[in-house]
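# Topology and contacts: notes
In case you want the letters, here they are:
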Amino acid sequence: MSQMGRGITFIEKRIFGIQRKMVAYMTQKSWNEIPHVSYVYEPDMTDFFQYFQDNKERFSKNGKISFNTLMLKVIAEGLKAAPELNANLEYSASTARGTHKIAKEINIALPWMLDNGDMFTPIVKDVGNKNLHEITDYINDIARRLKNTILEELLYKVSFGEKISDLKSLKFSSLKQIIPNLIGKHRVRRISRQRRKEYYKIPEKDRLTPADIFGATTLVSNIGSINRHQKGAVTVLEIIAPQVFVIGLNALQDRPGVYTDANGKQQIGIRKILPICCTFDHRAVDFGQLLPFQDRIAEIIANPQEIDKWV
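In this text the structure is predicted, and so the values were computed from the model without any measurement.

Basis of the calculations
Residues numbered from 1 in each chain as written. Predicted model: local features only at pLDDT ≥ 70, side-chain atom pairs only at ≥ 80, totals over all residues. Heavy atoms only, no water. Phe/Tyr/Trp six-rings, centres within 6.5 Å; stacked < 30°, edge-to-face > 60°. Buried < 20%, exposed > 50% of the residue type's maximum accessible area, 1.4 Å probe, protein only. Lys NZ or Arg CZ within 6 Å of the ring centre and 35° of its normal. Helix = DSSP H or I, 4+ residues; strand = E, 2+ residues; numbered from the N terminus. Polar contact = N/O pair within 3.5 Å; in protein donor to acceptor, adjacent residues only side chain to side chain.

### Digging into the packing of aromatic side chains
- If you walk through the whole model with that rule in mind, you get eight aromatic pairs.
- Taken together, a centroid distance of 5.1 Å and an interplanar angle of 65° make the contact between Tyr199 and Tyr200 edge-to-face.
- Exposure remark for Tyr199: the relative accessible area of 5% places this residue in the buried category.
- On the basis of relative accessibility, which here comes to 34%, the residue Tyr200 falls in the partly exposed class.
- Between Phe280 and Phe287 the ring centres are 5.3 Å apart and the planes differ by 85°, which places this aromatic pair in the edge-to-face class.
- Residue classification places Phe287 among the partly exposed positions, given a relative accessible area of 41%.
- Through successive ring pairs, a cluster of aromatic residues spans Phe49, Tyr51, Phe52, Phe59 and Phe67.
- Here the basic side chain of Arg207 rests over the ring of Tyr199, its NZ or CZ set 5.3 Å away from the ring centre.
- In this arrangement the basic side chain of Arg271 is found over the ring face of Tyr259, its NZ or CZ atom lying 4.1 Å from the centre.

### Points about the environment of Thr27
- Within the secondary structure, Thr27 is located in helix α1 (residues 18-33).
- Along the primary structure Thr27 and Ile239 are separated by 212 residues, whereas in three dimensions their C-alpha atoms are 7.9 Å apart.
- At 2.6 Å, the side chain of Thr27 forms a polar contact with the backbone oxygen of Val23.

The values reported here are purely geometric and, on their own, carry no functional implication.
So, in C-alpha cells, the structure goes:
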C-alpha cells in the first residue's frame, strides 16, 4: 500500500455518490483516451458588450435576454462556420480507424450548478436555429422541469443505460463497474420503490429525462457566470467522448489593452477582455478547423449589430 496520506488526520470521509462517480468516470476516461489541444482566445469585447448593454431593454422587450444567452448564440454561429467542431468521433485505438461525424444540429451541453454546489449537464438543443428568446425559453424550461426532477434517479437511469449499452456492444469491462455499484459500501442507493412509483407518475414533459442529457454535439462551460470576479482563465477542459470540441467561457475582465479609436489611431486603455478556452480532440481536428470558428466570432464581435438578427 502507498505511504502517501499517512500521518494525516482526516476529519471526514465522503464516499462518492452517483453524481461524483459519473463525473470521475467520464473525466478520467476523457484524459485516458483523448489527446487534448487547448487554445485560449482573448477577444476585446468592449464595444460588443457596450452595444448589448445599450440595447438590452430593446432586446428584452419579450423577455429578459442575458449576456450568457447571447454568448451561446455567438458560439453557435461560430460552429456554423466550423462544422468539423460540431461533431462526434468514432475511433478504434486498436485499428486506428476513425469516423468523424459532422452533426446537422448544434446541441450544446451546458453545465448547471445546483443549490448544493453539485453540477449536472443538460442539453440546449438546436441552438443554431433558435433566436435569443427561444434559447432563453428553453433554458427557463430546463429550470422548471429540474424542480420536478429527482436528480439521483435520473443519473441512475443514465448511468445504468450506458453500462447496458456497453454490454450489448460486448464491452465486458463494464462489469467491473456495474457489480461494485450494486453491492458493498460503494453501491448506488436508489430512492425507494414507492418514491419511484410516485415519481414516474410525473409526465416526462414536466421533468428531465435521459434525452435531456444525451445527444450533445459540443459543451460550453460558462465558468464566468459562476465566478464573475475571476481574474484568470481556465485553459484546459475535458472533452467528453464522442464530442470533439469543448469551450470554456471565462469572466469578462477589465485589462489594459491596445485599441483603435474613432480617428484610426492606436490607444492604450481599459478594455473588457473575454478569455475563451477552445479545446479540441487532435485525433479528429487540427488548428485549421479552429480558425473559421475564431474568425466568425471575431467578425460578430466587430459588428455587434448582428445581434439584431437574433432577437
